[in-house]
Amino acid sequence: MTGDTILPPEMMPTIRVIAMPTDTNPAGDIFGGWLMSQMDLAAGTVAARVSKGRASTVSVEQIQFHRPVLVGDEVSLYGELLKVGRTSMRIKVRAWSRARHQEDIKQVTEAVFTFVALDENARPRAVVQS
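Cut-offs used in this document
Residues numbered from 1 in each chain as written. Predicted model: local features only at pLDDT ≥ 70, side-chain atom pairs only at ≥ 80, totals over all residues. Heavy atoms only, no water. Helix = DSSP H or I, 4+ residues; strand = E, 2+ residues; numbered from the N terminus. Rg over C-alpha atoms; globule rule 2.2 N^0.38 Å. Buried < 20%, exposed > 50% of the residue type's maximum accessible area, 1.4 Å probe, protein only. Contact = heavy atoms within 4.5 Å. Pairing = 2+ DSSP bridges. Axes fitted to C-alpha atoms, helices over the stretch in contact; angles between N-to-C directions. Core = buried A, V, L, I, M, F, W, Y, C linked by side-chain atoms within 4.5 Å. Expected span 1.5 Å × (residues − 1).

Trainee: Just to check I follow, could you spell out the overall build of the protein for this structure?
Mentor: A tally of helices and strands in the protein yields 1 helix and 5 strands. Helices (α) and strands (β) of the protein occur, in sequence order from the N terminus, as β-α-β-β-β-β. Radius of gyration (C-alpha) of the protein: 15 Å, near the 14 Å computed for a compact globule of 130 residues. Its C-alpha atoms give the protein principal-axis dimensions of roughly 45 × 30 × 20 Å. Counting all 130 residues of the protein, 38% fall into the buried class. Excluding contacts between residues fewer than 6 apart, the proportion of contacts in the protein whose partners are at least 24 apart in sequence is 69%.

Structure below.
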């Protein structure tokens, strides 16, 4: 992983959050499940905006944890639409962390999420794009 040389996207993060002590695993690092849930929220935000409605996570692929997130780190999550199908959307999410009192940022995690647009009965519906 060459995360130290990769720069974050030049867009605003989809979500930005601070890692708190209650989010730690037994080793004292931020629990991977917490980070994955933040990534799912970011992907869900992109999916809702693209589909203009409700959407649900169907799968998560290619998740890679590059380095730990520490308590107090600011975590910025960037969602990027990769593909739109008839009812589905593939969204890549990359997470970057910055120590609370520093400017240095590092990529910590990335994954590809697949979402399906849902109707009012929680059944797949066509993705409505402008």
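Trainee: Sorry if this is basic, but what is going on with the environment of Q102 here?
Mentor: Inspection of the secondary structure puts Q102 in the loop between β4 (88–98) and β5 (105–117). You can call Q102 partly exposed: its relative accessible area is 44%. Between the alpha carbons of Q102 and V60 there is a distance of 31 Å; along the sequence they are 42 residues apart.

Trainee: Teacher, can you tell me more about the sheet that holds strand β1 (residues 15–18) here?
Mentor: The strands making up a sheet associate through backbone hydrogen bonding, with each pair oriented either parallel or antiparallel. Ordered by their spatial adjacency, 5 strands build an open sheet running β1-β3-β4-β5-β2, and the pairing between neighbours is antiparallel. The open sheet has two edge strands with one neighbour each: β1 and β2 (55–65). Strand-to-strand twist across the sheet, computed as the mean angle between neighbouring axes with direction ignored, equals 25°. Here 4 bridges tie β1 to strand β3 (residues 74–84), and the two strands are oriented antiparallel to one another. Paired with R16 across the bridge in β3 is S76. Here helix α1 (residues 32–51) sits on the sheet and contacts β1, β2, β3, β4 and β5; the angle it forms with β5, its principal contact strand, is near 50°.

Trainee: What is the right way to look at the nonpolar core in this model?
Mentor: For soluble globular proteins, the rule of thumb is that nonpolar side chains tend to be buried together. Judged by nonpolar contacts, the single largest core of 24 residues is most densely connected at L35, L77, M89, I91 and V93. Among the elements of the structure, α1, β3, β4 and β5 are those that each provide at least two residues to this core. For this core, the element with the highest residue contribution is α1, accounting for 8 residues. Setting aside its immediate chain neighbours within four residues, V93 contacts M39, A42, A43, L77, Y78, G79, T109, E110, A111 and F113.

Trainee: Looking at this structure, I do not really get unusual backbone geometry. What am I missing?
Mentor: Among all residues except glycine, the phi angle is most often negative; among peptide bonds, the trans geometry is most common. At K52, a residue that is not glycine, the phi angle is positive and equals roughly 55°. The topology assignment puts K52 in the loop between α1 and β2. Accessibility expressed as a relative area gives 49% for K52, which makes it partly exposed.

Trainee: For this particular structure, what's the right way to read α1?
Mentor: Structural remark: α-helix, 3.6 residues per turn; residues separated by three or four positions point the same way. Along its 20 residues, α1 runs 28 Å from first to last C-alpha, staying within 8% of the 28 Å computed at 1.5 Å per residue. Along α1, the positions that sit buried rather than exposed are W34, L35, Q38, M39, A42, A43, G44, V46, A47, V50 and S51. At its buried positions, α1 is contacted by β1, β2, β3, β4 and β5. K52 sits one or two residues past α1 and shows a positive phi near 55°.

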